[in-house]
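Fold and contact review
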Amino acid sequence: MSKQKIVSGMRPTGKLHLGHYLGVIENWVNLQYDYDCYFFVADWHALTTKYDKTEDLSQNVLEVAMDWLACGIDPDISTIYVQSQIPETAELNIYLSMITPQTWVERDPTLKDMAKILKTKEGANTQISYGLMGYPVLMSADIMTFNASVVPVGNDQLAHLEITRDIARRFNNIYKTENGTAFFNEPAPKLTQIPLLCGLDGSKMGKSFNNDIKISDDEQTTTKKIMQAVTDPNRIKRDDLGDTDKCEVAYKYWQIFGDIDTVATVKCECEKGERGCADCKKQLACVINAKFAPIREKRRYYEEHIDEVKLILEKGTQKARVEAQKVLSEVRKLVKMY
Ligand code: TRP
């Protein structure tokens, strides 16, 4: 039996951080052996909010691709490509947008949040574009271009994906195949179980909050950043008794990056006042640096061989388009286009 298809994408926001790695990429790396995976950089989706800030857009596409490759997305197994290189997706987006009731997108809570954030950032008078309203429809087109059945996403994307299933069902009802079977799969989300990695200040990790550690950061930068991480605010002297529940960041990182025994030792020593916060974070930095050393080395290789990265994307695009064209030729027939 052929493998189930997975499609997932990320917007090119620049160099990715450890939260992306743990929350998304590591999961993709594991899935690629069991599924037929299509991973793409969603540069059209980037335009939904940043249409006027495109100076770094194409460089950011490459940054994201390099991070993926460094982390272990294998271009010989998975298909890696850039969204805007697949015109079939734009065409499918047109058909899907015709059958999507306006109220469906207007109700999308994730879209409402995006609009709110945009207005906070850019001012209350900011116009929400027609393209931004179409965000979940374009996302549906991404997925349905390959008639995928599984989509690994975070919680925040579930609302969009629900619209995708509604759109797929509606398409299947409107445009019947000859034998009456449904043409499109109703794609199911695949959530990751990994706990969210907070930023160095204890709030959500994000590029714009200046509290992230990049996958591509070198050892010194990582150590310097971790040394600034928040710990139990009541501990001032080294022998003050600690409370790991109040340690906002460092102990949480230990729980994610440390093995069971180390985490137990850290807790025990902290509570007895036998472990200073500075030493503790220095040790933590070592553990994180060791984990990411091979990934960072691989990333440096790709930085120095950018043509190789571009070739991988080109090959991925070619492969993806062959599949996309199969689906679109069926769709055109079903819609009864000229
Ligand atoms: N909206 C997704 C995000 O912001 C990115 C994305 C675009 C996507 N198209 C997709 C994810 C299709 C999965 C499938 O993370």
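Further up the page is the structure itself.
Quantities reported herein were computed from a predicted structural model and do not represent experimental measurements.

Looking only at helices and strands, one finds 14 helices and five strands in the chain. For the chain, whose C-alpha radius of gyration is 22 Å, the value lies close to the compact-globule estimate of 20 Å for 338 residues. Taken over 338 residues, the chain has a buried fraction of 49%. Taking as baseline every contact in the chain between residues at least 6 positions apart, the subset at least 24 positions apart corresponds to 79%. Summed over its atoms, the accessible surface of the chain is roughly 17,400 Å², and 52% of this surface lies on carbon and sulfur atoms.

Judged by nonpolar contacts, the single largest core of 54 residues is most densely connected at I25, W68 and Y253. Considering every element that reaches this core, the biggest residue donor is helix α3 (residues 57-71), with nine residues. Setting aside residues up to four positions removed in sequence, W68 forms contacts with M10, L16, I25, W28, F39, F40, V41, I73 and I80. If you look at the next biggest cluster of nonpolar residues, it comprises 41 residues, including Y81, I86, L92 and F171.

On inspection of all chains with the given rule, the structure shows 12 aromatic pairs. Taking 5.7 Å as the distance between ring centres and 55° as the angle between the ring planes, the aromatic pair formed by Y81 and F146 counts as tilted. Here Y81, found in strand β3 (residues 79-82), pairs with F146, found in the loop between α8 (135-144) and β4 (150-152); they are 65 residues apart in sequence, far enough to count as distant. Classification of F146 by relative accessible area gives buried; the value is 3%. Here a set of aromatic residues connected by ring pairs shows up, and it is made of Y21, Y253, F257 and F292.

How each quantity is defined
Residues numbered from 1 in each chain as written. Predicted model: local features only at pLDDT ≥ 70, side-chain atom pairs only at ≥ 80, totals over all residues. Heavy atoms only, no water. Helix = DSSP H or I, 4+ residues; strand = E, 2+ residues; numbered from the N terminus. Rg over C-alpha atoms; globule rule 2.2 N^0.38 Å. Buried < 20%, exposed > 50% of the residue type's maximum accessible area, 1.4 Å probe, protein only. Contact = heavy atoms within 4.5 Å. Areas by Shrake-Rupley, 256 points an atom, 1.4 Å probe, with all protein chains shown as cover. Core = buried A, V, L, I, M, F, W, Y, C linked by side-chain atoms within 4.5 Å. Phe/Tyr/Trp six-rings, centres within 6.5 Å; stacked < 30°, edge-to-face > 60°.

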